[in-house]
Structure formats: structure tokens, C-alpha cells
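# Commentary on secondary and tertiary structure
Here is what each chain is made of, one letter per residue.
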Amino acid sequence: MPTGLAYLIVVLVWASTPLAIKWSAEAGAPIGSVMLRMGLALIAGALILLVLRRGVRLDRRALASYAAAVPGVFGAMALSYHASQFLPSGLLSVMFGMAPLISGFILQALPGSTRLRRWHWIGCGLGVAGLAVVFADSLTLGGGAQVLALAMMLSAVTLFSASGIAVQRVAAGLDPLQQTVGALAGSMPCFLVLWLASGEPLMIPLSPRGLWAVLYLALFGSLIGFLCYYLILSRLHAASVALVTLITPVLALTLGMLLNQETPSPSMLLGALLILVALGAYLFGDRLSRRRAARAAARP
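## Re the overall build of the chain
Scanning the chain from terminus to terminus reveals 12 helices and zero strands. Ordered by position in the sequence, the α and β elements of the chain form the string α-α-α-α-α-α-α-α-α-α-α-α. Across the 300 residues that make up the chain, the buried fraction comes to 47%. In the chain, the share of contacts with a sequence separation of at least 24, taken over all contacts with a separation of at least 6, comes to 89%. Summed over all atoms, the accessible surface of the chain reaches about 14,400 Å², with 72% contributed by carbon and sulfur.

Quick look at the structure:
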């Protein structure tokens, strides 16, 4: 697949996923909806492996990698689906855009990790300020339910970030499809237990657009988008890939306003803007500083 096409697919999938999550859970069965999505994605992924005549590795290191991915699949998705009932879809994307900042915080507590520099800390500070604005706005307009949903999203992003770091540290050498199928297989029992304990109906209620949203998320959100992401990660500079996390929240906010009649308050938009500026400072601040220093050193 051409790199440009893969990049475009990642941007479009990541931008549309929050809205699709909201639509798939709009009938009031978020756990059943996410379980159905992951189950369909697991079946599709297993069929692709079967066609390609590639199995799923079951050695100790591979199993450790699958287990490390479960909090990022089960924990993050279960919390995100529940929170989607109370938050605009664009805000879901903005919150997930904070993953690099949270990953940086987590890495500071782990041995052998690169220490954060000045621009990283500036980005983290701006991110916290943006979160504070969003939480204060939600407390004023939406009360406790929205604040709890934001706390769930923050927990979801933290689980997603920590899980990604754990998978990297296991370094099992799995290809993306094997990792995806293994993580989904490990997560399905957790989804099933949570679904049965939630009291949701055994016949998962879905609106017509909710059904299409589940199918879209299963095929694109859980398989094609993930595979394209790993493809561009292997071909492009990390900074180019990181731009996706800056582009998608803006598109997600726009899609929510155009297709779901969402109207974020000015304060929420200000908080989202602060978070995006924070992410930009975190990802590219040091790089710009090094370029300026190199230009200054090159001058006679």
C-alpha cells in the first residue's frame, strides 16, 4: 500500500472513530456494543491470518505481549464507550490526543527512559491547564455526570498509554496483525464478564446507524486503521506520524458539529485548544529548539 494512502486512512479512521463510538452506544448498551465490535474484529483478524496461513504465536513472550495489550483494549475501550454517552465525540478525540503526554509522564518512573526536557514540561503544563478548563466547564454545564465521564476518559487514556509502553517493553517481535488478534482474544473474556455483570439486555440494542457504526469500527477502527498505523510507523519519521494526533482532534470536533449537531461551549473549545497546543509543544518543541541552535551555530 502507498504510504500516502495509509497515512490518509489513519487520519480519517482516527478522526471518525469517536463519532462512531458515540453512535454505536447511543441505544444505551455501551458494553454490549464494544464487545460486539471487538468480537467481529477478532473474527475478521483470525480469518485474515487463516487466509495468509499465519498462526498466532503462543510462546511465553507472545502471551506476555497479548496480556500487556489487554488494559489498552479492554480497559480503555470499556471506559471510553461509557464516557461517550455524556461527552461530545470531538472531546473524546482531544482526550486521546493526550496519550503522548501521559506516556511521557509514565516513562519518567521507569528505568532507562529518556528524561523530559524543558519543552516537554511546558507541554505537560499546558495540557494540565487545558484539562482543568475542560473539567471546570463540565462541572458548570454538565454537573457530576460529565465530570465522571471526563475522569473515565482520563483513566482510559492512561490505561492505553501504559499498555502501549508495556507492549513495547515486552518486545515480543510480533507483527501488527498477530498482536491485534492476540490482544482481542485476551480481551474478549473480560468484555463478556463485564457485559453479563452490567445488566444490559442479552439482545444488544442498536439503532440503524449504530449497527453500521459497529461494523465500521470492527473493520476499520480495530483492524485496517491499526495496520495502516504500523505501516506508516515503519516508513515515516516519528515526527510525521505524531502529526496524526494533532490533526485528528480538529477533524473529530468538526465531524461532531456537522454530523451530530454537537455544540461545544467556548470554554470547552478553549480547553481543547490548550491541549492541542500542549501536544504540539511536547512533540515538536525540542526539535524546533535544536534547529534554531544549529542555525545560530552555523552563522559566521
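## Things to note about the packing of aromatic side chains
Within a pair of aromatic rings, the relevant descriptors are the distance that separates the centres and the angle that separates the planes. For the structure on display, the rule yields four aromatic pairs. The interplanar angle of 80° and the centroid separation of 5.1 Å between the aromatic rings of F74 and F191 together place this pair among those described as edge-to-face. One end of the pair, F74, is in helix α3 (residues 60-83); the other, F191, is in helix α8 (residues 176-198), with 117 residues separating them in the sequence. Accessibility expressed as a relative area gives 0% for F191, which makes it buried. Look at Y216 and F220: their rings are 5.2 Å apart centre to centre, the planes differ by 25°, and that puts the pair in the stacked class. Of the two residues, Y216 and F220 are both situated in helix α9 (residues 208-235); the distance of four residues between them amounts to about one turn of the helix. Judged by relative accessible area, which is 26%, Y216 ranks as partly exposed. A relative accessible area of 30% means that F220 is categorised as partly exposed.

## Considerations on the packing of α3 against α8
It is at 8 Å that the axes of α3 and α8 come closest, and there the two elements cross at 50°. As summarised for this structure, α3 and α8 are arranged oblique, according to the angle between their axes. Read as a crossing pair, α3 and α8 show a hand that is right-handed. Between α3, through S65, Y66, A69, V70, V73, F74, M77 and A78, and α8, the contact on the second element is made entirely by Q178, Q179, G182, A183, L184, G186, S187, C190, F191 and L194. Residues that form the contact of α3 with α8 fall into these classes: 12 nonpolar, six polar and no charged.

## Concerning the side chain of S187
Tracing the backbone shows S187 in helix α8. Within polar-contact distance, the side chain of S187 engages the backbone oxygen of A183 at 2.8 Å. Setting aside residues no more than four positions away along its own chain, S187 makes contact with V70, V73 and F74.

## Examining the packing of helix α4 (residues 89-96) against helix α11 (residues 244-259)
Running from amino to carboxyl end, α4 crosses α11 at an angle of 170°, the nearest separation of the two axes being 7 Å. Judged by the angle between their axes, α4 and α11 are roughly antiparallel. Contact with α4, carried on its side by S89, G90, L91, S93 and V94, involves T248, P249, A252, L253 and G256 of α11 and no other residues of that element. Residues that form the contact of α4 with α11 fall into these classes: five nonpolar, five polar and no charged.

## As for the nonpolar core
Formed by 30 residues in total, the largest nonpolar core has its most connected members in M38, Y81 and F191. If you list the elements that add at least two residues to this core, you get α1 (3-24), α2 (30-51), α3, α8 and α9. In terms of nonpolar packing, the next biggest core, distinct from the first, is built from 20 residues, L92, M153, L253 and A272 among them.

## Remarks on unusual backbone geometry
Unlike most non-glycine residues, R53 shows phi in positive territory, near 60°. Tracing the backbone shows R53 in the loop between α2 and α3. A positive phi is found at Q261, a non-glycine position, where the angle reads about 50°. Structurally, Q261 can be placed in the loop between α11 and α12 (266-298).

Rules used throughout
- Each chain carries its own residue numbering, running from 1 in the direction its sequence is written.
- Owing to the predicted nature of the model, reporting of local features is limited to residues with pLDDT of at least 70; listing and counting of side-chain atom pairs is limited to 80 or more, with chain, interface and lining totals taken over all residues.
- Remark: hydrogens and water are excluded; side-chain values derive from all non-hydrogen atoms of the structure.
- Per the convention used, a helix needs a DSSP run of H or I reaching at least four residues, while a strand needs a run of E reaching at least two, with both numbered from the N terminus.
- Classification of residues uses two cut-offs on accessible area relative to the type maximum, computed with a 1.4 Å probe and protein chains only: under 20% is buried, over 50% is exposed, and between them is partly exposed.
- A contact between two residues is defined here by any heavy atoms of the two lying within 4.5 Å.
- Only the protein chains shown count as cover for residues, and the accessible areas themselves come from Shrake-Rupley with a 1.4 Å probe.
- Centres within 6.5 Å are what make two rings of Phe, Tyr or Trp a pair, Trp counting through its six-membered ring; a difference in plane orientation under 30 degrees is then read as stacked, over 60 as edge-to-face, and the rest as tilted.
- Between N-to-C directions, angles cover 0 to 180 degrees, with each direction set by a line fitted to C-alpha atoms, over the stretch in contact for helices.
- Should an angle fall under 35 degrees it is called roughly parallel, over 145 degrees roughly antiparallel, and 65 to 115 degrees roughly perpendicular, with every other angle called oblique.
- Note on convention: the crossing is left-handed when the near helix lies turned anticlockwise from the far helix by less than a right angle, right-handed when the turn is clockwise.
- Polarity classes work like this: nonpolar for Ala, Val, Leu, Ile, Met, Phe, Trp, Tyr, Cys and Pro, charged for Asp, Glu, Lys and Arg, and polar for all others, with Gly in that last group.
- Pairs of N or O atoms within 3.5 Å make up the polar contacts considered here, provided that, within protein, one atom can donate a hydrogen while the other can accept it, and that residues adjacent in sequence are counted only when both atoms are side-chain atoms.
- Side-chain atoms within 4.5 Å link the members of a nonpolar core, which is a set of buried Ala, Val, Leu, Ile, Met, Phe, Trp, Tyr and Cys residues.

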